[in-house]
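What the coordinates show
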Amino acid sequence: MPTALVTGITGQDGSYLAELLLSKGYRVVGIVRRSSTTPYERIAHLVDRIELVSADLLDQTSLTDVVGDCAPDEIYNLAAQSFVQTSWSQPVLTGEFTALGVTRVLEAMKKAAPKARFYQASSSEMFGKVVESPQRETTPFYPRSPYGVAKVYGHWITVNYRESFGLYAVSGILFNHESPRRGLEFVTRKVTDAVARIKLGMAKEVRLGNLDSRRDWGFAGDYVDAMWRMLQQDAADDYVIGTGHTCSVRDLCQAAFACVGLDYRDHVAQDPRFFRPAEVDLLVADPSKAARQLGWTPKVSFEELVRMMVEADLERLRPRA
Ligand code: NDP
Ligand code: GDR
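Worth saying up front: this structure is predicted, and the values here are computed from it rather than measured. (Residues numbered from 1 in each chain as written. Chains lettered and ligands numbered in written order. Predicted model: local features only at pLDDT ≥ 70, side-chain atom pairs only at ≥ 80, totals over all residues. Heavy atoms only, no water.)

For the rest of this paragraph, the subject is the overall build of the protein chain. Helix and strand counts for the protein chain come out as ten helices and 13 strands. In terms of overall dimensions, the protein chain is globule-like: its C-alpha atoms have a radius of gyration of 19 Å, near the 20 Å expected for 321 residues. Projected onto its principal axes, the C-alpha positions of the protein chain cover 55 × 50 × 40 Å. Sequence separation of 24 or more characterises 78% of the internal contacts of the protein chain that already satisfy a separation of 6 or more. (Helix = DSSP H or I, 4+ residues; strand = E, 2+ residues; numbered from the N terminus. Rg over C-alpha atoms; globule rule 2.2 N^0.38 Å. Contact = heavy atoms within 4.5 Å.)

How two aromatic rings sit relative to each other is set out by the distance from centre to centre and by the angle between their planes. If you walk through the whole model with that rule in mind, you get nine aromatic pairs. Both rings, one in tyrosine 76 and one in tyrosine 119, keep their centres 6.1 Å apart while their planes meet at 40 degrees; by these two values the pair is tilted. Remark: tyrosine 119 occurs in strand 5 (residues 117-123) and tyrosine 76 occurs in strand 4 (residues 74-77); sequence separation between them is 43 residues. Look at tyrosine 119 and you get buried, because its relative accessible area is 0%. (Phe/Tyr/Trp six-rings, centres within 6.5 Å; stacked < 30°, edge-to-face > 60°. Buried < 20%, exposed > 50% of the residue type's maximum accessible area, 1.4 Å probe, protein only.)

Turning next to the sheet that holds strand 4. Read across the sheet, seven strands follow the order 3-2-1-4-5-6-11 without closing on themselves; strand pairing throughout is parallel. Each edge of the open sheet carries a strand with a single partner, namely strand 3 (51-54) and strand 11 (239-241). On average, adjacent strands in this sheet sit at an angle of 25 degrees to one another, irrespective of strand direction. Most of the contacts of helix 7 (residues 220-230) go to strand 6 (residues 168-174), to which it runs at about 155 degrees, and overall it touches strand 4, strand 5, strand 6 and strand 11. (Pairing = 2+ DSSP bridges. Axes fitted to C-alpha atoms, helices over the stretch in contact; angles between N-to-C directions.)

A separate point is the packing of helix 8 (residues 249-258) against helix 10 (residues 302-317). With their axes 9 Å apart at the nearest point, helix 8 and helix 10 run at an angle of 55 degrees to one another. Regarding the angle of helix 8 to helix 10, the classification is oblique. Helix 8 and helix 10 meet at a crossing whose hand is right-handed. Note on element contacts: helix 10 touches helix 8 through Phe302, Val306 and Val310, opposite Leu252, Ala255 and Ala256. (Parallel < 35°, antiparallel > 145°, perpendicular 65-115°, else oblique. Left-handed = near helix turned anticlockwise from the far one by under 90°.)

This part takes up the site of ligand 1. Surveying the vicinity of ligand 1 reveals 23 residues, the closest of which are Thr10, Asp13, Arg33, Ser82 and Tyr147. Contacts to ligand 1 include arginine 33, whose side-chain N or O atom sits 2.7 Å from an oxygen atom. In the complex, 89% of the free accessible area of ligand 1, which totals 910 Å², lies under the protein chains. Looking at the shell around ligand 1, the elements that each hand over two or more residues are helix 1 (12-23), strand 5 and helix 5 (146-165). For the shell around ligand 1, the element with the most residues is strand 5, which contributes three residues. When the residues that make up the shell around ligand 1 are grouped by side-chain class, the tally is nine nonpolar, nine polar and five charged. (Near = heavy atom within 4 Å. Polar contact = N/O pair within 3.5 Å; in protein donor to acceptor, adjacent residues only side chain to side chain. Areas by Shrake-Rupley, 256 points an atom, 1.4 Å probe, with all protein chains shown as cover. Nonpolar A, V, L, I, M, F, W, Y, C, P; charged D, E, K, R; others polar.)

The next point concerns the nonpolar core. Grouped together as the largest cluster of nonpolar side chains are 64 residues, with contacts concentrated most on Leu21, Val28, Tyr76, Tyr119 and Met230. When residues of this core are assigned to domains, at least three fall in each of domain 1 (3-177 + 219-241) and domain 2 (182-215 + 245-283 + 297-317). Other than its neighbours up to four places away in sequence, tyrosine 76 contacts Ala4, Leu5, Val6, Thr7, Leu17, Leu21, Tyr119, Met227, Trp228, Leu231 and Gln232. Membership of the second largest hydrophobic core comes to 23 residues, among which are Leu63, Leu106, Phe118 and Ala169. (Core = buried A, V, L, I, M, F, W, Y, C linked by side-chain atoms within 4.5 Å. Domains from an automatic or database assignment.)

Another point: the pairing of strand 6. Across the seven residues of strand 6, seven count as buried, placing the element largely inside the fold. Side chains of strand 6 alternate between two faces, with Tyr168, Val170, Gly172 and Leu174 and Ala169, Ser171 and Ile173 buried alike. One ladder, built from seven bridges, connects strand 5 with strand 6; its direction is parallel. By the bridge assignment for strand 6, glutamine 120 is matched with serine 171. Read from strand 5 through helix 5 to strand 6, the crossover connection turns out right-handed. (Right-handed = clockwise from strand over helix to strand, strands pointing away.)

Here it is in structure tokens:
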């Protein structure tokens, strides 16, 4: 039974990845950081089938000890300060978690499990103010937020450890992926949660920022499969993962409100608080290398994803009889 060590297991992707790895017969060890409460909402249905160990991306000793103790075959580094907006108000912390945290995990692996395979959760935010469309593995980076800058560091340190020390280390450049388990502050979930509240008479409007920015949105359950595939290849390499389609935040609103028979224009207000100091206007992936080399293609369309999220929020918020 192979062992996988997952940082960020309590996050959206961590929960889907843990499900996938369990279904493939892995022993799954998840890193959780110390907290006065237990943030296990997304993995409550899995806790009796996985092992949770305590470590923090800020603490080298804890990471090296955990890697040494659990002897992983694969390490998935999903932990990060992942909300772009917060990276302007907490830029140093974002750099510590999202940039230097990657080096700490790589150092732990180099010392304690150099034969393991390493996955780094890189991001389309690295493309930022895009210099070509669609974006592919060779597209130059132009990050537009402290988060994007930190992810560029994480990407290059992963490549550097691969080239310097011969580690099997890959960087998956994933475009936005969403699900009913997405954090409520991200725009897709903010909108689908609002649609459900408005439909159920619990709210009247939702306040958003830029409605014109465009994203390549896919389903998180599809994307964790790509992560796993990247670690099953003969040689480590980097891959872009996305759908190849792009929609605006306005399109998202239109689709989500239409799921419950409402017109978004009656319920969406714009609020300067949700505009960003620098915006990423357009992201669209060219995932053809992943299709060719990993045999990976997304299964869930944008419309299916939005409907899945709206229905899950309606179900969660509907008053119980
Ligand atoms: P989430 O924000 O849902 O999860 C982040 C995880 O990181 C949580 O488990 C969190 O733990 C953990 N974490 C944060 N700081 C630390 C720390 N100091 N030590 C240990 N653990 C920590 O993110 P997603 O699941 O959406 O994303 C997973 C990864 O993929 C992230 O690195 C993100 O930047 C990246 N990414 C995401 C994309 C997306 O569209 N979802 C696209 C491209 C990249 P806790 O529960 O305790 O807060
Ligand atoms: P993003 O996701 O920044 O792309 O990062 P987010 O959903 O936060 O924003 C997407 C776009 O929507 C616009 N927007 C709003 N965003 C939020 N959160 N709230 C609003 O009210 C709002 N109104 C408009 C934003 O300006 C932006 O253009 C996500 C994260 O998961 C990262 O960790 C990951 O790396 C990237 O996706 C790929």
